[in-house]
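# An overview of the molecular structure
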Amino acid sequence: MTSVALFNNKGGVGKTTLVYHLAHMYQRQGKRVLAVDLDPQSNLTSFFLDEDDLSFLWDESEPTIPGHQGRLFSRFDLGGVWTIAQAVDPIVKGTGDIKAVDPIEVVENLWLIPGDLELSRFEDELSANWTRGFGGDEKALRTTSAFHRIIQKAQRRIDPDITLIDIGPNLGAINRAALLSSDTVLMPLAADLFSLRGLRNLGPTLREWREKWQKTVLPWAPDGLDLPPGHMAPLGYVIMQPGMRLDRPVQAYQRWLDRIPVVYDRFVLDSSVRSRNTEHEIATIRNYRSLMPLSHDARKPMFDLRAGDGALGSTQAFVQTCYRDFRDLVEKIDDRLAQSSRAPRPGSI
């Protein structure tokens, strides 16, 4: 049950779109998939669930609204389903430990642990308990490991082949706890200065968190706690191709593409070798901007669009290209995961 966190310190690169399409492609390939939305913006959840589903899940429907009879209709059995924020609410309130989340099966063999904008309330609690855990404080460690334990409980229920974790674009306490719960980290990047700056921040921060967790926390933690090993092993990066602007030459993008391998080696892998080869680049995903509006309206991945969804004529050929791109991407990620499982974990104790 391998977990992959998709993370970039820079927003707007198409990270959530990538998680959504990878989840569906893995499902199409016969895998059991768990998608986890740990971004307080909850964009991944809104990709999977429509407004009525969300209103039902977040308990925002009002029976007194004219024209509505009782609660809004949901396509799924959401009775008793907790969002990630509701699952950690007892910790936030100081009334208890996590609630187990029963993931939503959005399609056959594809489950979702839904996000919630109220998850942002957990940030202060996680931040305050991070350093307290260095001394083996059990309450602090239960707080820091909350996401890990929620995911573990969900995995034991559904036995997924892969778990994909969507994380917001910052280096705050929520993302630290989210990344600690992941085996590997896949980084979506754009060919621009901001992605390079994000890598410069991300690499050293991941190493610092890993070292503190594995060397300062785990050796002194009380026995019997279910704590993550904190591997967070870099899996590689995926280039998310931008829509080309007519007023900007291709060379402007190539300039940043040429810099990515060097920055990744130096700041993410902490390598003394300043290589310009692209061995850590998993794939380049082209821009499918013309398909995205159709995908949102149809509430299905771009590679599943049909004529009835508006994918007509040459657009249907573009859909088939999209399918091949994501099928190949899944195969390449699986190859990297197989290599990662054989290689020594970074900073393993």
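The paragraphs below set out a description of the structure included in this document. (Residues numbered from 1 in each chain as written. Predicted model: local features only at pLDDT ≥ 70, side-chain atom pairs only at ≥ 80, totals over all residues. Heavy atoms only, no water.)

### A look at the overall build of the protein
Broken down by element type, the protein carries 12 helices and 8 strands. Buried positions account for 51% of the 349 residues belonging to the protein. Sequence separation of 24 or more characterises 75% of the internal contacts of the protein that already satisfy a separation of 6 or more. When the accessible surface of the protein is split by element, carbon and sulfur atoms take 47% of a total near 15,700 Å². (Helix = DSSP H or I, 4+ residues; strand = E, 2+ residues; numbered from the N terminus. Buried < 20%, exposed > 50% of the residue type's maximum accessible area, 1.4 Å probe, protein only. Contact = heavy atoms within 4.5 Å. Areas by Shrake-Rupley, 256 points an atom, 1.4 Å probe, with all protein chains shown as cover.)

### Here's the deal with the pattern of salt bridges
The final tally for this structure, using the stated rule, is 16 salt bridges. Across the salt bridge formed by aspartate 89 and arginine 121, the nearest N and O atoms sit 3.6 Å from each other. Here aspartate 89, found in helix α4 (residues 84-93), pairs with arginine 121, found in the loop between β4 (110-113) and α5 (123-132); they are 32 residues apart in sequence, far enough to count as distant. Taking the relative accessible area as the measure of exposure, aspartate 89 reaches 16% and is therefore buried. (Salt bridge = Lys/Arg side-chain N within 4 Å of Asp/Glu carboxyl O.)

### Some details on the packing of helix α1 (residues 15-28) against helix α12 (residues 314-342)
Between α1 and α12, the shortest axis-to-axis distance is 10 Å and the interhelical angle comes to 85 degrees. On the basis of their axis angle, the class for α1 and α12 is roughly perpendicular. Across from Leu18, His21, Leu22, Met25, Tyr26 and Arg28 in α1, the residues of α12 making contact are Tyr323, Phe326, Arg327, Leu329, Val330, Ile333, Asp334 and Leu337. Here the residues of the contact of α1 with α12 are counted per class, giving 10 nonpolar, 1 polar and 3 charged. (Axes fitted to C-alpha atoms, helices over the stretch in contact; angles between N-to-C directions. Parallel < 35°, antiparallel > 145°, perpendicular 65-115°, else oblique. Nonpolar A, V, L, I, M, F, W, Y, C, P; charged D, E, K, R; others polar.)

### Focus: the sheet that holds strand β7 (residues 233-240)
In spatial order, the strands read β3-β4-β2-β5-β1-β6-β7-β8; together these 8 strands make up an open sheet with mixed pairing. Edge positions in the open sheet fall to β3 (104-107) and β8 (281-285), since each of these has one partner strand only. Neighbour to neighbour, the strand axes of the sheet diverge by 25 degrees on average, direction disregarded. Of the strand pairs in this sheet, strand β2 (residues 33-37) and β4 are connected by 4 bridges, and their pairing is parallel. Pairing of leucine 34 across the sheet is with tryptophan 111, part of β4. The strands that helix α9 (residues 193-217) touches are β6 (184-189) and β7; relative to β6, the one it contacts most, it runs at about 170 degrees. (Pairing = 2+ DSSP bridges.)

### Remarks on helix α8 (residues 173-180)
Counting buried residues along α8, 8 of its 8 residues qualify, which places the element largely inside the surrounding structure. Looking only at α8, the buried set comprises Ala173, Ile174, Asn175, Arg176, Ala177, Ala178, Leu179 and Leu180. The inward-facing, buried residues of α8 contact β1 (2-6), α5, α6 (138-144), α7 (146-158), β6 and α9.

### Side note on the nonpolar core
The biggest cluster of nonpolar side chains holds 56 residues, and the ones touching the most others in it are Phe147, Leu179 and Met187. No other element matches the 7 residues that α9 contributes to this core. Ignoring anything within four residues of it in the chain, the contact list for leucine 179 reads Ala5, Phe7, Ile167, Val185, Leu206, Trp209 and Met232. With 46 residues, the next largest nonpolar core counts Leu18, Tyr26, Phe47 and Ile162 among its residues. (Core = buried A, V, L, I, M, F, W, Y, C linked by side-chain atoms within 4.5 Å.)

### Some details on the pairing of β2
Among the 5 residues that make up β2, 5 are buried, leaving the element largely enclosed by the rest of the structure. Residues Val33, Ala35 and Asp37 of β2 are buried on one face, and the alternating residues Leu34 and Val36, pointing to the opposite face, are buried as well. In terms of strand pairing, β2 meets strand β5 (residues 162-166) through 5 bridges, oriented parallel. Note on β5: the bridge partner recorded for alanine 35 is leucine 164.

### Overview of the packing of aromatic side chains
Tallied over the entire structure, the rule returns 9 aromatic pairs. On the numbers, 5.1 Å between centres and 55 degrees between planes, the contact of tyrosine 237 with tyrosine 264 is tilted. Here the residue tyrosine 237 occupies a position in strand β7, and tyrosine 264 occupies one in helix α10 (residues 250-268), the gap between them amounting to 27 residues. Take tyrosine 237 and tyrosine 264: they sit in the same class, and that class is buried. Three or more aromatic residues joined by ring pairs form one cluster here, namely Tyr20, Phe47 and Phe48. Above the face of the tryptophan 82 ring, lysine 99 is positioned so that its terminal group lies 3.7 Å from the ring centre. (Phe/Tyr/Trp six-rings, centres within 6.5 Å; stacked < 30°, edge-to-face > 60°. Lys NZ or Arg CZ within 6 Å of the ring centre and 35° of its normal.)

### Some remarks on unusual backbone geometry
Keep in mind that most residues, glycine aside, have a negative phi and that most peptide bonds are trans. A positive phi is found at serine 42, a non-glycine position, where the angle reads about 60 degrees. Considering the arrangement of structural elements, one finds serine 42 in the loop between β2 and α2 (43-48). Assessed through its relative accessible area of 2%, serine 42 is described here as buried. The phi torsion at aspartate 159 lies on the positive side, around 55 degrees, for a residue other than glycine.

### Here's the deal with the environment of glycine 11
By the secondary structure assignment, glycine 11 is in the loop between β1 and α1. Taking C-alpha positions, glycine 11 is 7.7 Å from glycine 168, a pair spaced 157 residues apart along the chain.

### Looking at the side chain of glutamine 155
Relative to the helices and strands, glutamine 155 resides in helix α7. Classification of glutamine 155 by relative accessible area gives buried; the value is 4%. Here threonine 163 takes part through its side chain, which lies 2.8 Å from a polar atom of the side chain of glutamine 155. (Polar contact = N/O pair within 3.5 Å; in protein donor to acceptor, adjacent residues only side chain to side chain.)

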